[in-house]
Amino acid sequence: MSQTMPRTRIDETFTRLRQQGRKALVAFITAGDPDLETSQAILDGLPAAGADIIELGMPFTDPMADGPAIQLASQRALAAGQTMEKTLAMVRRFRERDSDTPIVLMGYYNPVFVYGNERFLHDAKAAGVDGLIVVDLPPEEDDELCIPALNTGLNFIRLATPTSDDARLPKVLNNASGFLYYVSITGVTGTRAPDAGAVADSVARIRQHTDLPICIGFGVKTPEQAATLGALGDGVVVGSALVTTIAEARGKGGDAVAAVHELARALAEGLRGAAQET
Amino acid sequence: MNDQKPNTFTAQPDERGRFGDYGGRFVAETLMPLILELEQAWREARADASFQAELDDFLKHYVGRPSPLYFAERLTEHLGGAKIYFKRDELNHTGAHKINNVLGQILLARRMGKTRIIAETGAGQHGVATATACARFGLECIVYMGEVDVERQQPNVFRMKLLGAEVVPVSSGSRTLKDALNEALRDWVANVENTFYCIGTVAGPHPYPEMVREFQAIIGREAKEQILQAEGRLPDALVAAIGGGSNAMGLFHPFLDDEEVEMFGVEAAGRGLNTGEHAASILGGRPGVLHGNRTYLLMDEEGQITEAHSISAGLDYPGIGPEHAWLNDIGRVNYVAATDEEALEAFQLCSKLEGIIPALEPSHALAHVMKMAPRMDKDRIIVMNMCGRGDKDIFTVAKHLGVEL
Ligand SMILES: Cc1ncc(COP(=O)(O)O)c(C=O)c1O
């Protein structure tokens, strides 16, 4: 599928990282958390802090696949008045200064559906979005948003999970593009720590089905974990740890922007260690 | 939306779990294999006569089915119009229709070799029914319940604990039924091997809306046979309260192709449809996607889910089963609403005139019967689903009437 659509910033990024022998740090934050201004500052500084790809969460009242950390991030953003238009505006502002770092919008289907699928895809593409992750749209519902997204030139990032066995994987990989997001645990975000041995086996198995880059996420918190898990795939996704840092810095009256960037920097360094080991 | 009537209303959903444009399987990838496994297991069980025989046996000897169809003579006289019959599912073991569905799902879980059962509950009726069946079969049972509901449904919380279930108070989001459902889904994602999710209404991803409907359709099948015996003809109207819509779907479904039978689904209008404090997803909501299916939802202009309000915890859900959304759009079922006040009045009237203390949920259905019956001729017939008894609600009602217990 990825061959039939124009290359995106995501494709370019993985080509470059592979040439450099590096792994991708995919950083997740929720748009508008804890407020629009702070969130914009966090977003704008993430590439310099070491993020290779940014996942920007579209907040939702009922994030069924997320653990407490990202649930609370959504609640903070919504309480501060975040809307889909504001989220798209954040991407536009980011793009004024950064034309290389891919941005993936991540969230749940209802806010997209209510905004209007066609209008959403058009506005997201125009704002400079590169891909989408919509957690509650499995391949069975590809007609809804996945196919139209591909036709708009946006990657539709698929999640593969420990329950994606060999019978299921072809279905998951059909229409997949950009990269494959390997959910390293059975569970919600930010709860369990992934077991590296099991992840290694799964990633090896998935590799037999696809050439897409594989990023590992859902339980990665520390630079050490980033190093271990990064070595197994093409990148790691870190979310709960970053948004928890926002909450904690705010709670202590500290500088949330600096704290998040500091953690991103440490994670990026951990990953560089991983690249050297392999 | 679509004025061309299909020749049967009972052929839905399609293989993608769609009722028209509603329903579907909007879940995270982790759950997809589980949902497909469930669908497969259910299709096999459904085709297996021994499964149905086992279920029938439990429904008869454990639940007490068939439930009577009762002519509410004094209420009929009082309202002065159509003859009113109650389908008395409040006489079931555990006091509501919920057990019909739970037994079906628990027998299926056993067949699938699952040892751990999870459920969400609002009023606690589905939680109690699930805890009951789990006790009967020696299965581990975990019930998710919003903190707000734990607070207002204390008797049912204690009941579940007596039955050996673990009740987990949910503190996320608005701390009510929708959040309990989210939390149950999160549990399921984390415990994919041994866990069966027993959903309490005709909502959730396919195949739940269809499966729960099938387990509840015993209500309508019995009612049809019973009314034919009592009156020699089909009723003119069916009336049922709508939370997620399972007792209504159960009563309506076997009658859907009987064109002469009008149907009324009664949503909770809470403090009034125009106050914003209600639980009427069809009358006060719009189509969206939540909890695995597309249906009418209460939400703001951004697609953020808003809180429902009803005096009845069992109706306090910001969505409705997808089949109802479809039946509304094609015009087969009429969706109406009753307020907290109207339900309270019906609750008291029924207690005094019929010696039946109804649950607050069917009190909403009764409130609509009170509006429609007097305008109908005396030879007309209404069948209302008395889907639960009111013991669980006496504290709530006392509080609203200013009585201290
Ligand atoms: C007695 C009773 N009726 C109705 C309901 C609402 O559910 P449904 O619309 O699925 O029948 C409940 C839910 O708890 C209930 O306990």
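Residues numbered from 1 in each chain as written. Chains lettered and ligands numbered in written order. Predicted model: local features only at pLDDT ≥ 70, side-chain atom pairs only at ≥ 80, totals over all residues. Heavy atoms only, no water.

A.B. asks: Help me understand the overall build of chain A, please; the structure alone is not making it clear to me.
C.D. replies: For chain A, the count of helices and strands is twelve helices and nine strands. Projected onto the principal axes, the alpha-carbon positions of chain A cover approximately 45 × 40 × 35 Å. Going through the 278 residues of chain A one by one, you find that 63% of them count as buried. Long-range contacts, defined as pairs at least 24 residues apart, comprise 72% of the intrachain contacts of chain A with a sequence gap of at least 6. As presented, chain A carries roughly 10,000 Å² of accessible surface, and 50% of it is formed by carbon and sulfur atoms. (Helix = DSSP H or I, 4+ residues; strand = E, 2+ residues; numbered from the N terminus. Buried < 20%, exposed > 50% of the residue type's maximum accessible area, 1.4 Å probe, protein only. Contact = heavy atoms within 4.5 Å. Areas by Shrake-Rupley, 256 points an atom, 1.4 Å probe, with all protein chains shown as cover.)

A.B. asks: Even after reading the chapter, I still don't get the overall build of chain B, so can you show me in this structure?
C.D. replies: Counting secondary structure elements, chain B contains 16 helices and 14 strands. The C-alpha radius of gyration computed for chain B amounts to 19 Å, which stays within 12% of the reference 22 Å derived for 405 residues, consistent with globular compactness. With the C-alpha coordinates of chain B rotated into their principal frame, the extents come out at 55 × 50 × 50 Å. When burial is assessed residue by residue, chain B has 66% of its 405 residues classed as buried. Relative to all contacts within chain B whose residues are 6 or more apart in sequence, the contacts with residues 24 or more apart total 74%. (Rg over C-alpha atoms; globule rule 2.2 N^0.38 Å.)

A.B. asks: How do you make sense of helix α2 (residues 49-63) of chain B when you look at a structure like this?
C.D. replies: Residue and element names in this part refer to chain B. Here α2 is 15 residues long and its end C-alpha atoms lie 20 Å apart, about the 21 Å a rise of 1.5 Å per residue gives. Considered for burial, the residues of α2 that qualify are Phe-51, Leu-55, Phe-58, Leu-59 and Val-63. Looking down the long axis of α2, one finds its buried residues gathered within 100° of arc, a one-sided arrangement. Among the exposed residues of α2, those pointing more than 90 degrees away from its buried face are Ala-49, Lys-60 and His-61. Buried residues along α2 sit in contact with α1 (32-46), α4 (98-111), α5 (125-137), α9 (208-216) and α10 (218-231). Downstream of α2 by one or two residues, Gly-64 has phi in the positive range, about 100°. (Expected span 1.5 Å × (residues − 1). Arc of directions from axis to C-beta.)

A.B. asks: Is there a simple way to think about the packing of α4(B) against α9(B) in this case?
C.D. replies: Residue and element names in this part refer to chain B. Taken N-terminus to C-terminus, the directions of α4 and α9 make an angle of 115°; their axes are 8 Å apart at the nearest point. The handedness of the crossing between α4 and α9 is right-handed. Listed contacts from α9 to Lys-98, Asn-100, Asn-101, Gly-104, Gln-105 and Leu-108 of α4 are Tyr-208, Met-211, Val-212, Phe-215 and Gln-216. Looking at the contact of α4 with α9 residue by residue, the classes come out as five nonpolar, five polar and one charged. (Axes fitted to C-alpha atoms, helices over the stretch in contact; angles between N-to-C directions. Left-handed = near helix turned anticlockwise from the far one by under 90°. Nonpolar A, V, L, I, M, F, W, Y, C, P; charged D, E, K, R; others polar.)

A.B. asks: Sorry, what's going on with the interface of chain B and chain A here?
C.D. replies: Listed as interface residues are 39 residues of chain B and, on the opposing side, 37 residues of chain A. Where chain B touches chain A, the interface holds six salt bridges. For Arg168(A), the salt bridge identified is with Glu29(B), shortest N-O distance 2.7 Å. Where chain B touches chain A, the interface holds 18 residue pairs in polar contact (both at pLDDT 80 or more). Sorting the residues of the side of chain B that touches chain A by element identifies β2 (22-26), α1, α8 (177-190), β11 (286-290) and β12 (292-297) of chain B as the ones contributing at least two each. Examining the composition of the side of chain B that touches chain A, we find that eight residues originate from one element, α8(B), more than from any other. (Salt bridge = Lys/Arg side-chain N within 4 Å of Asp/Glu carboxyl O. Polar contact = N/O pair within 3.5 Å; in protein donor to acceptor, adjacent residues only side chain to side chain.)

A.B. asks: How should I be thinking about unusual backbone geometry in this particular structure?
C.D. replies: Glycine aside, the phi torsion of most residues is negative, and most peptide linkages are trans. Residue Pro34(A) is reached from Asp33(A) by a cis peptide bond, and omega for that bond is 0°. Here Pro34(A) is to be found in the loop between β1 (24-30) and α2 (36-45). Cis geometry marks the peptide bond from His206(B) to Pro207(B); its omega dihedral reads 15°. With respect to the helices, strands and loops of the structure, Pro207(B) is situated in the loop between β8 (195-197) and α9. Phi at Phe218(A) takes a positive value of approximately 100°, unusual for a residue other than glycine. By the element assignment, Phe218(A) lies in the loop between β8 (214-217) and α10 (223-230).

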